[in-house]
Amino acid sequence: MGFLSRFRRTSRQISDPEQIAGESNENTTPPAVESKGQEWDEKKEEVKISEWESPDTLDMIEKGQDKKLRKLSQRITSSSKVASKSSKITTGKLIPRPSNGLNIDIEHLLNRKSRRRISPTPVFERMMAELETTLLESDMGHSAVDAVLSEMRSKLIGAPLPRKGEIDKIIDAALISALDSLLRVSYWDFNQTVESIIQKEDLAVIMLVGVNGTGKTTTAAKIAHRMIKMGYSVVLGAADTFRAGAIDQLSDHAQKVGARVVKSQRGGDSAAIARDAVDSAKAKGDEIVIIDTAGRMQNKTNLMQELKKVHRVVSPHLVLFVGDALAGNDAVEQARIFQSFLNFDGAVLSKLDTDARGGAALSIAHSTNRPIVLAGIGQDYDDLTDFEPSGFLTDLLSDDIDFSRFRPEDGD
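Below: a short report on this structure. (Residues numbered from 1 in each chain as written. Predicted model: local features only at pLDDT ≥ 70, side-chain atom pairs only at ≥ 80, totals over all residues. Heavy atoms only, no water.)

**Some details on helix α8 (residues 142-156)**
In plain terms, the rule: The helix count covers DSSP runs of H or I at least four residues long, the strand count covers runs of E at least two residues long, and both are numbered beginning at the N terminus. One less than the residue count of a helix, multiplied by 1.5 Å, gives the span that helix is expected to have.
Between its terminal C-alpha atoms α8 stretches 21 Å, which fits the 21 Å expected from 15 residues at 1.5 Å a residue. Two residues or fewer after α8 comes Gly158, characterised by a positive phi angle close to 95°.

What follows is the structure, encoded as structure tokens:
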């Protein structure tokens, strides 16, 4: 039983097409949804992706984030989330990776001639309310849920009324398309990007950021293992001098995967350690440095200042946000706020193999306009895979939806 089971039970109760029917000349577009879209469009040119050294970021760090400021920051960021999605990643260092999305064929249903159209009837609205509840319970972010509902309405309302046996099919297809649209951001290839950086600059520096307990240290070891298997020499920088046992944990990982580690005592200057790791790699001809930073709660100003200092000192080529898939909407909020401060290049989602609801994965890319680049799918060092949005969505929905139903039928 998948996470959409309850919603699909509701949608299947629509046995008579007339329950969602209206005449073709009716105004079937809900005014509220239309006006919201206009407001977002007007803001697109006003929103700019924040930078590490932006005046807004510096002001927020210097003044501190008290409760009122945090709420204001969240409102500002929330209002720009859809507009930010239209922005493109212009950094030339990232090597694009094509991701074409799911190929769901329902054109033969949407293009059918009919005077009767799908309309926002009370039955239709009850179905949409059930979908909203289902998605929120799956720990999706509110902005992502709003985007799915808006996309569903745009595809369904005004479409030709389906035949009696095709109602659930067209609803399922619209839902798949709406969920797939959440993951449509500029994906880039991790391996090729790192290789390209090394070819140009001889050394690639990767910095991992995120809150406590998301798996940054383990992810650092997994990335090191992957790069060593590709033939590169790797240095791990133990810049997490805050958490008890973090230095020993990273040292143990380094020994197992065959990487060198640069470290100091607990409580040391994390920026100095990161710089020493880079200097050591340059001196000994290593090709990759991975900086493991301390877990920063996104509302702790002094810790965010320290993280910014690490970034300023080592100037990493790539910054990756590490989030816990099981944290759901909390991971989405963490990513969104970290992005406002740090402008990371992509996300790594740990424990994705144990997340049956997929809320964080479906929401992070939409909320930050940054792709999930890598996914942790187990405890072994090899259990780090490139995130493929289409494959993820197919696996997530396979218990609820039979994708083979969307192949074109003869005669349609």
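There is more to say, and it comes next.
**Let's talk about the pattern of salt bridges**
Let me state the cut-off plainly: Basic side-chain nitrogens of Lys or Arg form a salt bridge, by our definition, when they fall within 4 Å of a carboxyl oxygen of Asp or Glu. In this scheme, a residue with accessible area under 20% of its type's maximum is buried, one over 50% is exposed, and one in between is partly exposed, where area comes from a 1.4 Å probe on protein chains only.
This model, assessed by the stated rule, comprises 12 salt bridges. As a salt-bridge pair, Lys256 and Asp252 come within 3.2 Å of each other at their nearest N and O atoms. With Lys256 and Asp252 both in helix α12 (residues 246-257), this residue pair falls four residues apart, about one helical turn. Owing to a relative accessible area of 56%, Lys256 belongs among the exposed residues under this scheme.

**What about the packing of aromatic side chains?**
Here is the rule we go by: Any pair of Phe, Tyr and Trp rings, taking the six-membered ring for Trp, is counted once the centres come within 6.5 Å. Such a pair is stacked with planes under 30 degrees apart, edge-to-face with planes over 60 apart, and tilted for the rest.
Counted by the stated rule, this structure contains four aromatic pairs. Between Phe321 and Phe344, the ring centres sit 5.4 Å apart and the planes meet at 20°, which makes this aromatic pair stacked. Residue Phe321 is located in strand β7 (residues 318-324), and its partner Phe344 is located in the loop between α15 (329-342) and β8 (346-350); the two are separated by 23 residues in the primary sequence. Across the pair, exposure class does not vary: Phe321 and Phe344 are buried alike. With 5.4 Å between their ring centres and 45° between their planes, Phe387 and Phe392 make a pair best called tilted. Side by side, Phe387 and Phe392 carry an identical accessibility label, which is buried. Joined through ring pairs, the aromatic side chains of Phe321, Phe338 and Phe344 make up one cluster.

**Considering the packing of α8 against helix α9 (residues 167-182)**
Just so we agree on the cut-off: Lines fitted to C-alpha atoms define the axes here, with helix axes fitted over just the stretch in contact, and angles between the N-to-C directions of these axes take values from 0 to 180 degrees. Roughly parallel means an angle under 35 degrees; roughly antiparallel means over 145; roughly perpendicular covers 65 to 115; every other angle is labelled oblique. Each crossing is labelled by how the near helix is turned from the far one, with a counterclockwise turn of less than a right angle marking it left-handed and a clockwise turn marking it right-handed. Residues count as neighbours in contact if any of their non-hydrogen atoms are within 4.5 Å of one another.
For the pair α8 and α9, interaxial distance at closest approach is 9 Å and the crossing angle is 135°. Classed by the angle they form, the pair α8 and α9 counts as oblique. The way α8 lies across α9 gives a crossing that is right-handed. From α8, Ala144, Ala147, Val148, Glu151, Met152, Lys155 and Leu156 reach across to α9, where they touch Ile170, Ile171, Ala174, Leu175, Ser177, Ala178, Leu179, Ser181 and Leu182.

**What to know about the side chain of Arg226**
Applicable threshold: Throughout this description, a polar contact denotes any pair of N or O atoms lying within 3.5 Å of each other; where both atoms belong to protein, one of them has to be capable of donating a hydrogen while the other can accept it, and for residues adjacent in sequence the pair is counted only when both atoms sit in side chains.
Along the chain, Arg226 turns up in helix α11 (residues 216-229). There is a polar contact of 2.8 Å between the side chain of Arg226 and the side chain of Asn191.

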